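# Coordinates in review
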Amino acid sequence: MCRDIKILRAPYASRVTDEDVRAAALEYVRTVSGFRRTVPSDIESFDRAVAVVTAVTRDLLEQLPVRAGDLGA
């Protein structure tokens, strides 16, 4: 489980930085791969996966609307 990943979607989170999104992506890739640290031969693949997950996560967050139900209305 990715228990260290926080909710990054508004209105549950405010001022989400690129570093917040990257940290969530890094935790996800670490969990999926089973590696907490990478060996030199895997760094390029690992970093590429983190970059892709970061970009997709940012895109998702930008597309999700904040609905009235999300605001407790």
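Residues numbered from 1 in each chain as written. Predicted model: local features only at pLDDT ≥ 70, side-chain atom pairs only at ≥ 80, totals over all residues. Heavy atoms only, no water.

## A word on helix H1 (residues 18–33)
The condition that has to hold: Each helix is a run of DSSP H or I of at least 4 residues and each strand a run of E of at least 2, with the numbering of both proceeding from the N terminus. By this rule, a helix spans an expected 1.5 Å times one less than how many residues it contains. When a residue's accessible area, from a 1.4 Å probe over protein chains only, is under 20% of the maximum for its type it is buried; when over 50% it is exposed; and in between it is partly exposed. Here a residue-residue contact requires only that any non-hydrogen atoms of the pair lie within 4.5 Å.
Look at H1: 22 Å from first C-alpha to last across 16 residues, which is about the 22 Å you get at 1.5 Å a residue. Turning to H1, its buried residues number three or more, namely Val-21, Ala-24, Ala-25, Leu-26, Glu-27 and Val-29. In this structure, the buried side of H1 is in contact with helix H2 (43–63). Just past H1, the residue Gly-34 takes up positive phi, approximately 85°.

## Let's talk about H2
The condition that has to hold: This arc corresponds to the set of directions leading from the helix axis out to the C-beta atoms.
The end-to-end C-alpha distance of H2 is 30 Å, a good match for the 30 Å that 21 residues give at a rise of 1.5 Å each. When we look at burial in H2, the residues that qualify are Phe-46, Val-50, Thr-54 and Leu-61. The buried residues of H2 occupy an angular sector of 75° when the element is viewed end-on, so they sit on one face. For H2, the exposed residues set more than 90 degrees away from the buried face come down to Glu-44, Val-56, Glu-62 and Gln-63. Residues of H2 that are buried sit in contact with H1.

## Things to note about the pattern of salt bridges
The following threshold applies: The working definition used for a salt bridge is a side-chain nitrogen of Lys or Arg within 4 Å of a carboxyl oxygen of Asp or Glu.
On inspection of all chains with the given rule, the structure shows three salt bridges. Asp-18 serves as the salt-bridge partner of Arg-58, at 2.9 Å between the closest nitrogen and oxygen. In this pair, Arg-58 sits in helix H2 while Asp-18 sits in helix H1, placing the two residues 40 residues apart along the sequence. Overall, Asp-18 belongs to the exposed group, its relative accessible area being 58%. Residues Arg-36 and Glu-27 are paired through a salt bridge, measuring 3.4 Å at the closest nitrogen-oxygen approach. The exposure class assigned to Glu-27 is buried, which follows from its relative accessible area of 11%.

## Here's the deal with the nonpolar core
Stated formally: The definition of a nonpolar core used throughout is a set of buried Ala, Val, Leu, Ile, Met, Phe, Trp, Tyr and Cys residues joined through side-chain atoms within 4.5 Å.
Formed by Ala-25, Leu-26, Val-29, Phe-46 and Val-50, the largest nonpolar core amounts to five residues. Of all the elements in the fold, those that place two or more residues in this core are H1 and H2. If near-sequence neighbours (up to four positions away) are discounted, Val-50 is found in contact with Arg-22, Ala-25, Leu-26 and Val-29.

## A look at the packing of H1 against H2
For any two helices packed against each other, the geometry is given by the interaxial angle and the distance between the axes. Our working definition: A fitted line through C-alpha atoms serves as each axis, taken over the contacting stretch for helices, and the angle formed by two N-to-C directions is quoted from 0 to 180°. Working definition: roughly parallel below 35 degrees, roughly antiparallel above 145 degrees, roughly perpendicular at 65 to 115 degrees, and oblique for all remaining angles. Crossings are assigned a handedness: left-handed for a near helix turned anticlockwise from the far helix by less than a right angle, right-handed for a clockwise turn.
Closest axis-to-axis distance for the H1/H2 pair is 8 Å, and the angle between their directions is 125°. By the angle between their directions, the pair H1 and H2 is classed as oblique. As for the relative orientation of H1 and H2, their crossing is right-handed in sense. Contact residues: H1 offers Asp-18, Val-21, Arg-22, Ala-25, Leu-26, Tyr-28, Val-29, Arg-30 and Ser-33, while H2 offers Phe-46, Ala-49, Val-50, Val-53, Thr-54, Thr-57, Arg-58 and Leu-61.

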